[in-house]
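Listed here are the chains, written in short residue letters.
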Amino acid sequence: MATLYTHKDRNVRLTWIYLIGFLVFVIAVGWIFSQALGNSTILYIAVFFALLMNLISYWYSDKIVLAISGAKEVSRDNAREIYNLVENLCITAGLPIPKIYIIPDPAPNAFATGRDPEHAVVALTTGIVEKLEKRELEGVIAHELSHIGNKDILLGTVVTVLVGFVALLSDFFLSWTWFGGGRRSNREGGGQLQVVMMVIALVLAILAPIAATLMQLAISRKREFLADADGALLTRFPGGLASALEKISADSGVLRRANKATAHMYIVNPLRGKSAKGFAKMFMTHPPAQERIKRLRDMSV
(Lines give C-alpha, C1' and ligand atoms only; values in the text may rest on other atoms or scores of the structure.)
Protein backbone atom coordinates (compact mmCIF):
# COMPACT_ATOMS: atom_id res chain seq x y z
CA MET A 1 0.00 0.00 0.00
CA ALA A 2 1.28 3.48 -0.88
CA THR A 3 2.33 5.68 2.02
CA LEU A 4 3.23 9.33 2.37
CA TYR A 5 6.89 8.40 2.04
CA THR A 6 6.48 6.40 -1.21
CA HIS A 7 4.39 9.19 -2.75
CA LYS A 8 7.11 11.69 -1.89
CA ASP A 9 9.95 9.51 -3.25
CA ARG A 10 8.06 8.83 -6.48
CA ASN A 11 7.40 12.52 -7.11
CA VAL A 12 11.02 13.44 -6.38
CA ARG A 13 12.24 10.86 -8.92
CA LEU A 14 9.78 12.03 -11.58
CA THR A 15 10.71 15.68 -11.02
CA TRP A 16 14.41 14.99 -11.55
CA ILE A 17 13.64 12.91 -14.65
CA TYR A 18 11.72 15.87 -16.07
CA LEU A 19 14.46 18.33 -15.16
CA ILE A 20 17.28 16.24 -16.66
CA GLY A 21 15.20 15.74 -19.80
CA PHE A 22 14.62 19.49 -19.91
CA LEU A 23 18.36 20.21 -19.72
CA VAL A 24 19.12 17.73 -22.49
CA PHE A 25 16.36 19.27 -24.61
CA VAL A 26 17.70 22.81 -24.13
CA ILE A 27 21.28 21.81 -24.95
CA ALA A 28 20.12 19.97 -28.08
CA VAL A 29 18.10 22.97 -29.28
CA GLY A 30 21.01 25.32 -28.68
CA TRP A 31 23.43 23.04 -30.50
CA ILE A 32 21.17 22.72 -33.57
CA PHE A 33 20.68 26.50 -33.76
CA SER A 34 24.42 27.15 -33.51
CA GLN A 35 25.14 24.52 -36.18
CA ALA A 36 22.50 25.93 -38.52
CA LEU A 37 23.93 29.43 -38.22
CA GLY A 38 27.54 28.25 -38.12
CA ASN A 39 28.30 30.46 -35.13
CA SER A 40 28.64 29.05 -31.60
CA THR A 41 28.99 32.59 -30.18
CA ILE A 42 25.22 33.01 -30.59
CA LEU A 43 24.67 30.23 -28.06
CA TYR A 44 26.94 31.84 -25.48
CA ILE A 45 25.34 35.28 -25.87
CA ALA A 46 21.83 33.84 -25.51
CA VAL A 47 22.78 31.92 -22.36
CA PHE A 48 24.39 35.01 -20.82
CA PHE A 49 21.36 37.25 -21.30
CA ALA A 50 18.89 34.55 -20.19
CA LEU A 51 20.88 33.93 -17.01
CA LEU A 52 21.22 37.65 -16.29
CA MET A 53 17.48 38.25 -16.72
CA ASN A 54 16.52 35.35 -14.49
CA LEU A 55 19.11 36.06 -11.80
CA ILE A 56 17.57 39.51 -11.40
CA SER A 57 14.16 37.87 -11.24
CA TYR A 58 15.47 35.38 -8.65
CA TRP A 59 16.72 38.05 -6.24
CA TYR A 60 13.68 40.33 -6.49
CA SER A 61 10.81 38.01 -7.47
CA ASP A 62 9.38 37.80 -3.92
CA LYS A 63 9.07 41.57 -3.61
CA ILE A 64 7.50 41.83 -7.07
CA VAL A 65 4.94 39.08 -6.38
CA LEU A 66 3.98 40.50 -2.99
CA ALA A 67 3.49 43.96 -4.51
CA ILE A 68 1.37 42.54 -7.34
CA SER A 69 -0.83 40.61 -4.90
CA GLY A 70 -1.29 43.57 -2.54
CA ALA A 71 -0.09 41.50 0.43
CA LYS A 72 0.61 43.10 3.83
CA GLU A 73 2.98 41.69 6.43
CA VAL A 74 1.55 40.62 9.79
CA SER A 75 3.15 39.60 13.07
CA ARG A 76 2.35 37.62 16.19
CA ASP A 77 0.73 40.73 17.68
CA ASN A 78 -1.94 41.21 15.00
CA ALA A 79 -2.30 37.62 13.70
CA ARG A 80 -1.53 35.43 16.70
CA GLU A 81 -3.45 32.29 15.62
CA ILE A 82 -1.92 32.20 12.15
CA TYR A 83 1.54 32.96 13.48
CA ASN A 84 1.27 30.13 16.03
CA LEU A 85 0.18 27.66 13.31
CA VAL A 86 3.14 28.61 11.13
CA GLU A 87 5.57 28.56 14.04
CA ASN A 88 4.50 25.12 15.28
CA LEU A 89 4.73 23.60 11.80
CA CYS A 90 8.15 25.19 11.22
CA ILE A 91 9.43 23.67 14.47
CA THR A 92 8.18 20.25 13.34
CA ALA A 93 9.69 20.66 9.87
CA GLY A 94 12.97 22.14 11.13
CA LEU A 95 12.50 25.31 9.09
CA PRO A 96 13.10 28.95 10.03
CA ILE A 97 9.87 30.88 10.52
CA PRO A 98 9.03 32.71 7.26
CA LYS A 99 7.51 36.15 7.05
CA ILE A 100 3.72 35.98 7.00
CA TYR A 101 1.63 38.13 4.68
CA ILE A 102 -2.12 38.57 4.38
CA ILE A 103 -3.79 39.38 1.04
CA PRO A 104 -7.03 41.35 1.53
CA ASP A 105 -9.21 39.25 -0.77
CA PRO A 106 -12.28 37.08 0.02
CA ALA A 107 -11.25 34.35 -2.46
CA PRO A 108 -9.52 31.52 -0.54
CA ASN A 109 -5.95 30.91 -1.70
CA ALA A 110 -2.31 30.95 -0.58
CA PHE A 111 1.25 30.85 -1.90
CA ALA A 112 4.88 30.76 -0.77
CA THR A 113 7.76 32.71 -2.23
CA GLY A 114 11.36 33.65 -1.47
CA ARG A 115 14.72 32.49 -2.78
CA ASP A 116 15.50 30.07 0.09
CA PRO A 117 14.16 28.97 3.52
CA GLU A 118 16.00 31.86 5.23
CA HIS A 119 14.27 34.44 2.99
CA ALA A 120 10.86 32.81 2.63
CA VAL A 121 7.34 34.22 2.73
CA VAL A 122 3.95 32.56 3.22
CA ALA A 123 0.97 34.59 1.98
CA LEU A 124 -2.66 33.82 2.82
CA THR A 125 -5.80 35.56 1.63
CA THR A 126 -8.31 36.80 4.17
CA GLY A 127 -10.78 34.46 2.50
CA ILE A 128 -8.77 31.34 3.26
CA VAL A 129 -8.28 32.37 6.89
CA GLU A 130 -12.00 33.02 7.36
CA LYS A 131 -13.42 30.06 5.41
CA LEU A 132 -11.21 27.16 6.50
CA GLU A 133 -11.26 25.31 9.78
CA LYS A 134 -8.06 25.12 11.82
CA ARG A 135 -7.01 21.64 10.61
CA GLU A 136 -7.69 22.64 7.00
CA LEU A 137 -5.70 25.87 7.31
CA GLU A 138 -2.91 23.91 8.95
CA GLY A 139 -2.84 21.60 5.91
CA VAL A 140 -2.58 24.57 3.53
CA ILE A 141 0.26 26.15 5.53
CA ALA A 142 2.06 22.79 5.69
CA HIS A 143 1.75 22.54 1.88
CA GLU A 144 3.35 25.96 1.44
CA LEU A 145 6.09 25.22 3.97
CA SER A 146 6.82 22.03 2.02
CA HIS A 147 7.41 24.15 -1.09
CA ILE A 148 9.92 26.14 0.96
CA GLY A 149 11.60 23.09 2.47
CA ASN A 150 11.82 21.30 -0.88
CA LYS A 151 13.38 24.41 -2.47
CA ASP A 152 10.67 24.46 -5.12
CA ILE A 153 11.28 28.17 -5.63
CA LEU A 154 14.92 27.50 -6.50
CA LEU A 155 13.93 24.67 -8.84
CA GLY A 156 11.28 26.92 -10.40
CA THR A 157 13.91 29.59 -11.02
CA VAL A 158 16.23 27.09 -12.74
CA VAL A 159 13.38 25.93 -14.98
CA THR A 160 12.44 29.55 -15.72
CA VAL A 161 16.03 30.17 -16.82
CA LEU A 162 15.80 27.22 -19.21
CA VAL A 163 12.42 28.28 -20.63
CA GLY A 164 13.66 31.86 -21.02
CA PHE A 165 16.79 30.57 -22.73
CA VAL A 166 14.79 28.57 -25.29
CA ALA A 167 12.41 31.45 -26.01
CA LEU A 168 15.23 33.98 -26.38
CA LEU A 169 17.28 31.69 -28.59
CA SER A 170 14.29 30.87 -30.80
CA ASP A 171 13.41 34.55 -31.26
CA PHE A 172 17.01 35.41 -32.05
CA PHE A 173 17.32 32.58 -34.57
CA LEU A 174 14.10 33.53 -36.38
CA SER A 175 15.13 37.20 -36.50
CA TRP A 176 18.62 36.34 -37.73
CA THR A 177 17.22 34.05 -40.44
CA TRP A 178 14.54 36.58 -41.49
CA PHE A 179 17.14 39.29 -42.07
CA GLY A 180 19.42 36.98 -44.05
CA GLY A 181 21.93 36.15 -41.35
CA GLY A 182 21.41 32.44 -41.84
CA ARG A 183 22.20 32.33 -45.56
CA ARG A 184 25.49 30.67 -46.31
CA SER A 185 26.97 29.77 -49.64
CA ASN A 186 28.31 26.36 -50.55
CA ARG A 187 31.82 27.87 -50.60
CA GLU A 188 31.41 28.54 -46.87
CA GLY A 189 30.78 24.85 -46.24
CA GLY A 190 27.01 24.85 -46.49
CA GLY A 191 25.71 22.21 -48.86
CA GLN A 192 22.92 19.74 -48.36
CA LEU A 193 23.71 19.08 -44.68
CA GLN A 194 23.53 22.79 -43.97
CA VAL A 195 20.12 23.01 -45.65
CA VAL A 196 18.83 20.09 -43.57
CA MET A 197 20.14 21.67 -40.35
CA MET A 198 18.52 24.97 -41.29
CA VAL A 199 15.12 23.31 -41.84
CA ILE A 200 15.37 21.44 -38.54
CA ALA A 201 16.37 24.62 -36.74
CA LEU A 202 13.45 26.58 -38.21
CA VAL A 203 10.99 23.91 -37.05
CA LEU A 204 12.57 23.90 -33.57
CA ALA A 205 12.52 27.70 -33.41
CA ILE A 206 8.74 27.58 -33.77
CA LEU A 207 7.99 24.50 -31.65
CA ALA A 208 10.74 24.62 -28.98
CA PRO A 209 9.23 27.44 -26.86
CA ILE A 210 5.90 25.58 -26.77
CA ALA A 211 7.59 22.32 -25.79
CA ALA A 212 9.70 24.08 -23.14
CA THR A 213 6.61 25.67 -21.61
CA LEU A 214 4.83 22.30 -21.51
CA MET A 215 7.81 20.78 -19.72
CA GLN A 216 7.83 23.67 -17.24
CA LEU A 217 4.14 23.13 -16.50
CA ALA A 218 4.71 19.39 -16.08
CA ILE A 219 7.43 20.04 -13.50
CA SER A 220 5.16 22.55 -11.73
CA ARG A 221 2.39 19.96 -11.46
CA LYS A 222 4.78 17.38 -10.04
CA ARG A 223 5.97 19.86 -7.40
CA GLU A 224 2.34 20.39 -6.34
CA PHE A 225 1.86 16.65 -5.84
CA LEU A 226 5.10 16.53 -3.84
CA ALA A 227 4.09 19.48 -1.65
CA ASP A 228 0.71 17.82 -1.02
CA ALA A 229 2.44 14.62 0.12
CA ASP A 230 5.01 16.43 2.25
CA GLY A 231 2.36 18.72 3.74
CA ALA A 232 0.28 15.72 4.74
CA LEU A 233 3.40 14.08 6.18
CA LEU A 234 4.11 17.20 8.23
CA THR A 235 0.63 17.42 9.77
CA ARG A 236 0.09 13.63 9.88
CA PHE A 237 -3.45 14.35 8.68
CA PRO A 238 -3.94 14.17 4.88
CA GLY A 239 -7.67 14.75 5.31
CA GLY A 240 -7.10 18.33 6.46
CA LEU A 241 -5.42 19.38 3.21
CA ALA A 242 -7.86 17.31 1.14
CA SER A 243 -10.81 19.07 2.76
CA ALA A 244 -9.12 22.46 2.26
CA LEU A 245 -8.59 21.75 -1.45
CA GLU A 246 -12.25 20.77 -1.80
CA LYS A 247 -13.40 24.07 -0.28
CA ILE A 248 -10.93 26.21 -2.22
CA SER A 249 -11.66 24.58 -5.59
CA ALA A 250 -15.43 24.77 -4.99
CA ASP A 251 -15.37 28.44 -4.01
CA SER A 252 -16.77 30.74 -6.69
CA GLY A 253 -14.74 33.75 -5.62
CA VAL A 254 -12.20 35.20 -8.06
CA LEU A 255 -8.87 36.49 -6.79
CA ARG A 256 -8.91 40.12 -7.90
CA ARG A 257 -5.16 40.58 -8.41
CA ALA A 258 -4.45 37.19 -9.96
CA ASN A 259 -2.64 37.08 -13.31
CA LYS A 260 -0.91 34.56 -15.56
CA ALA A 261 2.55 35.51 -14.30
CA THR A 262 1.80 34.54 -10.69
CA ALA A 263 -1.00 31.96 -11.07
CA HIS A 264 1.37 28.97 -10.82
CA MET A 265 2.46 30.02 -7.33
CA TYR A 266 -0.91 29.60 -5.61
CA ILE A 267 -2.05 26.37 -3.97
CA VAL A 268 -5.01 26.30 -6.40
CA ASN A 269 -4.92 28.08 -9.76
CA PRO A 270 -6.69 31.43 -9.17
CA LEU A 271 -7.52 31.67 -12.89
CA ARG A 272 -9.20 28.28 -12.95
CA GLY A 273 -12.27 27.79 -15.07
CA LYS A 274 -13.93 24.57 -16.10
CA SER A 275 -12.04 21.37 -15.39
CA ALA A 276 -9.60 20.62 -18.19
CA LYS A 277 -9.67 17.21 -19.83
CA GLY A 278 -7.45 15.26 -22.15
CA PHE A 279 -4.91 17.32 -24.08
CA ALA A 280 -5.92 20.52 -22.24
CA LYS A 281 -4.43 19.14 -19.01
CA MET A 282 -0.96 19.63 -20.50
CA PHE A 283 -1.43 23.40 -20.35
CA MET A 284 -2.52 23.47 -16.69
CA THR A 285 -0.25 25.06 -14.05
CA HIS A 286 -1.73 22.76 -11.37
CA PRO A 287 -2.88 19.14 -11.29
CA PRO A 288 -6.69 18.76 -11.29
CA ALA A 289 -7.99 19.40 -7.77
CA GLN A 290 -9.99 16.17 -7.75
CA GLU A 291 -6.88 14.15 -8.55
CA ARG A 292 -4.96 15.83 -5.73
CA ILE A 293 -7.83 15.24 -3.32
CA LYS A 294 -8.08 11.57 -4.31
CA ARG A 295 -4.37 11.01 -3.76
CA LEU A 296 -4.58 12.61 -0.31
CA ARG A 297 -7.62 10.54 0.62
CA ASP A 298 -5.83 7.37 -0.49
CA MET A 299 -2.72 8.07 1.56
CA SER A 300 -2.15 6.26 4.81
CA VAL A 301 0.10 7.47 7.58
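Residues numbered from 1 in each chain as written. Predicted model: local features only at pLDDT ≥ 70, side-chain atom pairs only at ≥ 80, totals over all residues. Heavy atoms only, no water.

(A) Quick peek at the side chain of Asn269. Note on placement: Asn269 falls in the loop between helix 8 (238-250) and helix 9 (289-298). A polar atom in the side chain of Asn269 sits 3.0 Å from the backbone nitrogen of Leu271. The contacts of Asn269, once residues within four sequence positions are left out, are Ala263, Thr285 and His286. (Helix = DSSP H or I, 4+ residues; strand = E, 2+ residues; numbered from the N terminus. Polar contact = N/O pair within 3.5 Å; in protein donor to acceptor, adjacent residues only side chain to side chain. Contact = heavy atoms within 4.5 Å.)

(B) Quick look at the packing of helix 8 against helix 9. Where helix 8 contacts helix 9, the two axes come as close as 8 Å, and the packing angle between them is 160°. Classed by the angle they form, the pair helix 8 and helix 9 counts as roughly antiparallel. The handedness of the crossing between helix 8 and helix 9 is left-handed. Note on element contacts: helix 9 touches helix 8 through Ala289, Arg292, Ile293, Leu296 and Arg297, opposite Pro238, Gly239, Leu241, Ala242, Ser243, Leu245, Glu246 and Ser249. (Axes fitted to C-alpha atoms, helices over the stretch in contact; angles between N-to-C directions. Parallel < 35°, antiparallel > 145°, perpendicular 65-115°, else oblique. Left-handed = near helix turned anticlockwise from the far one by under 90°.)

(C) Broad picture of the nonpolar core. Within the largest apolar cluster, 37 residues are counted, with the highest numbers of intra-cluster contacts made by Leu124, Ile128, Val140, Ile141 and Leu145. Elements represented by at least two residues in this core include exactly helix 3 (80-93), strand 2 (99-103), strand 3 (110-113), strand 4 (121-125), helix 5 (134-149), helix 7 (191-235), helix 8 and helix 9. Once residues within four sequence positions are removed from consideration, Val140 is found in contact with Ala110, Leu124, Ile128, Leu132, Leu241, Ala244, Ile248 and Ile267. By size, the runner-up hydrophobic cluster in this structure holds 21 residues, among which are Phe173, Met198, Met215 and Ile219. (Core = buried A, V, L, I, M, F, W, Y, C linked by side-chain atoms within 4.5 Å. Buried < 20%, exposed > 50% of the residue type's maximum accessible area, 1.4 Å probe, protein only.)

(D) Quick peek at the pattern of salt bridges. In the structure shown here, the tally under the stated rule is 11 salt bridges. Residues joined by salt bridges that share partners form a network here, namely Glu224, Asp228 and Arg292. (Salt bridge = Lys/Arg side-chain N within 4 Å of Asp/Glu carboxyl O.)

(E) Layout of the confidence of the model for the protein. In this model, the protein carries a mean pLDDT of 81, and residues with pLDDT of at least 70 account for 78%. Note on residues 183-189: pLDDT under 50 across the span, and eight contacts to partners over four residues away in sequence or across chains. (pLDDT = per-residue confidence, 0-100.)

(F) Region of interest: the pairing of strand 4. Counted residue by residue, strand 4 has five buried out of five residues, so it is predominantly covered. Examined bridge by bridge, strand 2 and strand 4 share five bridges and lie parallel to one another. Counted as the bridge partner of Ile100 is Val122 from strand 4. Inspection of the sheet shows strand 3 paired to strand 4 by four bridges, in the antiparallel sense. Within strand 4, the residue paired with Ala110 across the bridge is Leu124. (Pairing = 2+ DSSP bridges.)

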